[in-house]
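Here are the chains, one letter per residue:
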Amino acid sequence: KSKRLCINYEPPTIILEYEDEAELKHLKINVAGYLEKNKHSLTIESLTGILLRTYSSHFADVPTTDLKSIIQKLIHYYTLSDEEKENFKKAKEEENKKGEVDLNRVSEMELEKAKMRMDVDFEMNRVRPGDPEYKHDIQVDFQPTMSSGWDSDDD
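Summary of the structure given here. Because the structure is a prediction, the values reported are computed rather than measured.

1. Notes on the overall build of the protein
Okay, step 1: A count of helices and strands for the protein gives 5 helices and 3 strands.
Okay, step 2: For the protein, the N- to C-terminal ordering of α and β elements is β-β-β-α-α-α-α-α.
Okay, step 3: Taking 155 residues into account, the globule formula puts the C-alpha radius of gyration at 15 Å, and the protein, at 23 Å, lies well above it.
Okay, step 4: In the protein, buried positions account for 25% of the 155 residues.
Okay, step 5: Across the protein, every contact between residues at least 6 apart in sequence was considered, and the portion connecting residues at least 24 apart equals 43%.
Okay, step 6: Positive and negative side-chain charges in the protein, numbering 23 and 33 respectively, have mean positions lying 8 Å apart.

See below:
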């Protein structure tokens, strides 16, 4: 059963983390040769098809959209100039330092993990009836600091 799908940009590698008989394993697929050989006719569909045919048992439960998303990122990176690659690396380092990730750009598995972490935080901060800090029907007047433009009472 697959657990995670990720990439290394250098060397260009697709990594599938999966469970095999209750043991966590990693399948590392170096795609540098394919990218180099097909650099003038790279397509997401062609590499996806090759991987699905070659590693069909490993990718059986991986959503094709996740695999295509990973491949698209690799192909995009591979087509960057050396200067653009350096800028990309610096941006990734900054992003990792901040700990903020754009959840619109992650795979389905990464999104599910993020949602599970949010659920844990929510449950830890949840206040239920019977809890000492629970207050029923709290009403607060907010003073906006700027106009939103869409909710004015001028109509």
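2. Comments concerning the nonpolar core
Okay, step 1: In terms of nonpolar packing, the biggest core is built from 24 residues, with Leu5, Ile14, Leu16, Val31, Leu51, Phe59 and Ile71 touching the most fellow members.
Okay, step 2: Elements that contribute at least two residues to this core include exactly strand 1 (2-8), strand 2 (13-20), strand 3 (23-30), helix 1 (32-37), helix 2 (44-54) and helix 3 (64-78).
Okay, step 3: When sequence neighbours within four positions are dropped, the list of residues in contact with Leu5 reads Ile14, Ile15, Leu16, Phe59, Val62, Asp66, Leu67, Ile70, Met109 and Glu110.

3. A few points about the pattern of salt bridges
Okay, step 1: Under the definition given, this model contains 5 salt bridges.
Okay, step 2: Between Glu10 and Lys89 there is a salt bridge; the shortest N-O distance is 3.2 Å. Within this pair, whereas Glu10 is found in the loop between strand 1 and strand 2, its partner Lys89 is found in helix 4 (residues 82-98), the two being separated by 79 residues in sequence.
Okay, step 3: Measuring nitrogen to oxygen at the nearest pair gives 3.1 Å for the salt bridge that ties Asp20 to Lys25.
Okay, step 4: You can call Asp20 partly exposed: its relative accessible area is 30%.
Okay, step 5: Residues participating in the shared-partner salt-bridge network are Glu10, Glu86 and Lys89.

4. Here we look at the environment of Arg128
Okay, step 1: Within the secondary structure layout, Arg128 lies in the segment after helix 5 (108-125).
Okay, step 2: Other than its neighbours up to four places away in sequence, Arg128 contacts Glu123 and Tyr134.

5. Considering the sheet that holds strand 3
Okay, step 1: Pairing is antiparallel in the open sheet, where 3 strands are placed in the order 1-2-3. What marks the edges here is a single partner per strand, and that holds for strand 1 and strand 3. In this sheet, adjacent strand axes meet at a mean angle of 20° when their direction is disregarded.
Okay, step 2: Pairing between strand 2 and strand 3: 8 bridges, direction antiparallel. Residue pairing in the sheet places Ile14 in a bridge with Ile29 of strand 3.

6. Considerations on helix 5
Okay, step 1: Given a rise of 1.5 Å per residue, 18 residues ought to cover 26 Å, and the 26 Å separating the end C-alpha atoms of helix 5 matches this to within 8%.
Okay, step 2: All buried positions along helix 5 are accounted for by Met109, Leu111 and Ala114.
Okay, step 3: The inward-facing, buried residues of helix 5 contact strand 1 and helix 3.

7. What to know about the side chain of Glu17
Okay, step 1: By secondary structure assignment, the location of Glu17 is in strand 2.
Okay, step 2: The residues contacting Glu17, other than those within four sequence positions of it, are Ser2, Lys3, Arg4, Leu24, Lys25 and His26.

8. Comments concerning the pairing of strand 2
Each regular strand carries side chains that alternate between the two faces of the sheet.
Okay, step 1: Among the 8 residues that make up strand 2, 6 are buried, leaving the element largely enclosed by the rest of the structure.
Okay, step 2: Once strand 1 ends, the chain turns through 4 residues before running back antiparallel as strand 2.
Okay, step 3: Hairpin connection between strand 2 and strand 3: a loop of 2 residues separates the two successive antiparallel strands, and Glu21 in this loop has a positive phi of roughly 50°.

The rules behind these values
- Residues numbered from 1 in each chain as written.
- Predicted model: local features only at pLDDT ≥ 70, side-chain atom pairs only at ≥ 80, totals over all residues.
- Heavy atoms only, no water.
- Helix = DSSP H or I, 4+ residues; strand = E, 2+ residues; numbered from the N terminus.
- Rg over C-alpha atoms; globule rule 2.2 N^0.38 Å.
- Buried < 20%, exposed > 50% of the residue type's maximum accessible area, 1.4 Å probe, protein only.
- Contact = heavy atoms within 4.5 Å.
- Lys, Arg positive; Asp, Glu negative; His and termini not counted.
- Charge placed at Lys NZ, Arg CZ, Asp CG, Glu CD.
- Core = buried A, V, L, I, M, F, W, Y, C linked by side-chain atoms within 4.5 Å.
- Salt bridge = Lys/Arg side-chain N within 4 Å of Asp/Glu carboxyl O.
- Pairing = 2+ DSSP bridges.
- Axes fitted to C-alpha atoms, helices over the stretch in contact; angles between N-to-C directions.
- Expected span 1.5 Å × (residues − 1).

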